[in-house]
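Descriptive analysis of the structure
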Amino acid sequence: MSASGAFVKICGLTTADAVAAALAAGADAIGFVFAESVRRVEPRQARELAAPARGRTRCVAVTKHPDATLLARIASEFEP
C-alpha cells in the first residue's frame, strides 16, 4: 500500500516511460489493457513493458469478456 494507506493501480500503460513514471510515483500495481481500447497492448508487448516492474509492484491484466485463447496467451506470454 502507498504511504497514504490507499492501494494505487495505474492502468492503461503503453510505453516504457509510462511504466517508469508509475514506478517512480510508487504505484502498488500497474495494469495493461487487453480489451478493445486505444490503450490495448498485446501480451508479449505487456511482458516487455512490465519487465522493469517485476519484483517491485504487481502487474495486472485488464480484460473484458476474454475468450479462452486470449486468456491462455495472457497467462503464458505476459504472466500477470
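Keep in mind that what you see is a predicted model, and the values were worked out from it rather than measured. Each residue is numbered by its place in its chain's sequence as written, counting from 1. Predicted model: local features are reported for residues with pLDDT of at least 70 only, side-chain atom pairs are reported and counted for 80 or more only, and whole-chain, interface and lining totals are derived from all residues. To get the side-chain values, all heavy atoms of the structure are used, and hydrogens and water are removed first.

**Points about the sheet that holds strand 3 (residues 58–62)**
Condition: Whether two strands pair depends on DSSP finding at least two bridges between them. Helix and strand assignments follow DSSP, with helices taken as H or I runs no shorter than four residues and strands as E runs no shorter than two, numbered in order from the N terminus.
If you trace the three strands from one edge of the open sheet to the other, you get 1-2-3, paired in parallel fashion. Looking at strand neighbours, the two that pair on one side only are strand 1 (9–10) and strand 3, the edges of this open sheet. Two elements, strand 1 and strand 2 (residues 29–33), share two bridges in a ladder whose sense is parallel. Its bridge partner being in strand 2, I10 is matched across the sheet by I30.

**Concerning the pairing of strand 3**
Basically, it comes down to this: Throughout, right-handed denotes a crossover for which the path from the first strand over the helix to the second runs clockwise when the strands point away from the viewer.
In the sheet, strand 2 pairs with strand 3 via five bridges, with the strands oriented parallel. Residue A29 lies in a different strand from strand 3, and its bridge partner there is R58. In this region the chain leaves strand 2, passes through helix 2 (residues 43–50) and returns to the parallel neighbour strand 3; the handedness of that crossover is right-handed.

**Side note on the nonpolar core**
In plain terms, the rule: We define a nonpolar core as any set of buried Ala, Val, Leu, Ile, Met, Phe, Trp, Tyr and Cys residues linked to one another through side-chain atoms lying within 4.5 Å. A simple rule labels every residue: compare its accessible area, found with a 1.4 Å probe on the protein chains alone, to the largest value its type can have, and call it buried under 20%, exposed over 50%, or partly exposed in between. We call two residues in contact when some of their heavy atoms are within 4.5 Å.
If you look at the biggest cluster of nonpolar residues, it comprises 17 residues, and the most contacted ones within it are V19, I30, F32, F34 and F78. Residues in contact with V19, not counting those within four places in the same chain, are L13, I30, F32 and L49.

**Quick look at unusual backbone geometry**
With a phi close to 55°, H65 is a non-glycine residue in the positive phi region. Along the chain, H65 falls in the loop between strand 3 and helix 3 (68–78). The phi dihedral of E79 falls on the positive side, at around 60°, and the residue is not glycine. Within the secondary structure, E79 is located in the segment after helix 3.

**Digging into the environment of V41**
Residue placement: V41 occurs in the loop between strand 2 and helix 2. What makes V41 buried here is its relative accessible area of 3%. Expressed as a C-alpha distance, the spacing of V41 and D17, which sit 24 residues apart in the sequence, is 15 Å. Setting aside residues up to four positions removed in sequence, V41 forms contacts with L13, T14, F32, V33, F34 and A46.

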